[in-house]
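Residues per chain are reported as follows:
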Amino acid sequence: MATAHLFIDYQNLHISAHECFESEMPIHHSLIHPGRFADEVQRVRNDLVHTPVTIEKIHVYRGQPSSEREVIPAGRNKAQAAEWERDRRVTVHSRTLRYPHDWPDSPSREKGVDVMLAVTLVRASIEKWADVLILASRDTDLLPALETARDIDRSIVEVAGWRSKSRLQIPRARMWATGLELDHFDRCRDTREY
């Protein structure tokens, strides 16, 4: 069976799930457990594609609140990472959020997370970490990395996400996209209280 690595743009996946399935609820009700998400992607993909894969590694990219400025959110974020990494396939890669001079009037923002994901995706393709590389994001800023990884032609590159949301596509190129529905979301939710 072919091997696969899954690269998750966590904030993008989480917000997309909230928009699709629980927009009337507080956003923290839409947390995704990366290991369960990978299991759903693998199951749905393998039911539809003639070459099945085993997702051996899950790379999660997200911002980390500052423990000096946002003590409670920072603690929750770290607890989530610790819980998710109990699944030995999962590694959480984080960067501290950037805080504008007028914070908290202006919100903190992720900076460098997408670049870190993009660099690692291209590196994974160059070094042939797996037969298939799957990106879970709909952020078009990641499209150049996806195109580069595909052009290297050492790995098959695919995307995954929620079926009712837009997906990344490389113009004039055929690329598999695994789309998950509400029942899949329900199975991959992280309902733990942090």
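In the block above lies the structure referred to throughout.
These notes cover the structure that comes with them. (Residues numbered from 1 in each chain as written. Predicted model: local features only at pLDDT ≥ 70, side-chain atom pairs only at ≥ 80, totals over all residues. Heavy atoms only, no water.)

Description of the packing of aromatic side chains
Enumeration according to the criterion identifies 6 aromatic pairs in this entry. When the centroid spacing of 5.4 Å and the interplanar angle of 90° are considered together, the rings of Phe21 and Trp162 count as edge-to-face. With Phe21 in helix α1 (residues 10–21) and Trp162 in strand β5 (residues 156–162), this residue pair connects regions lying 141 residues apart in the sequence. Plain terms: the ring middles of Tyr99 and Trp103 are 5.1 Å apart, the flat faces sit at 85° to each other, and that makes the pair edge-to-face. We classify Tyr99 as buried; its relative accessible area is 15%. Aromatic rings pair up to connect Phe21, Phe37, Trp162 and Phe185 into one cluster. (Phe/Tyr/Trp six-rings, centres within 6.5 Å; stacked < 30°, edge-to-face > 60°. Helix = DSSP H or I, 4+ residues; strand = E, 2+ residues; numbered from the N terminus. Buried < 20%, exposed > 50% of the residue type's maximum accessible area, 1.4 Å probe, protein only.)

Some thoughts on the pairing of strand β1 (residues 2–9)
Burial analysis of β1 places 8 of its 8 residues in the buried class, the great majority of the element. Residues of β1 alternate between two faces, with Ala2, Ala4, Leu6 and Ile8 on one and Thr3, His5, Phe7 and Asp9 on the opposite face, all of them buried. The pairing of β1 with strand β2 (residues 53–64) spans 8 bridges and is parallel. Paired with Asp9 across the strands is Tyr61, a residue of β2. In this sheet, strand β4 (residues 132–136) lies alongside β1 in parallel orientation, the contact comprising 5 bridges. Looking at the pairing, His5 lines up with Leu133 of β4. (Pairing = 2+ DSSP bridges.)

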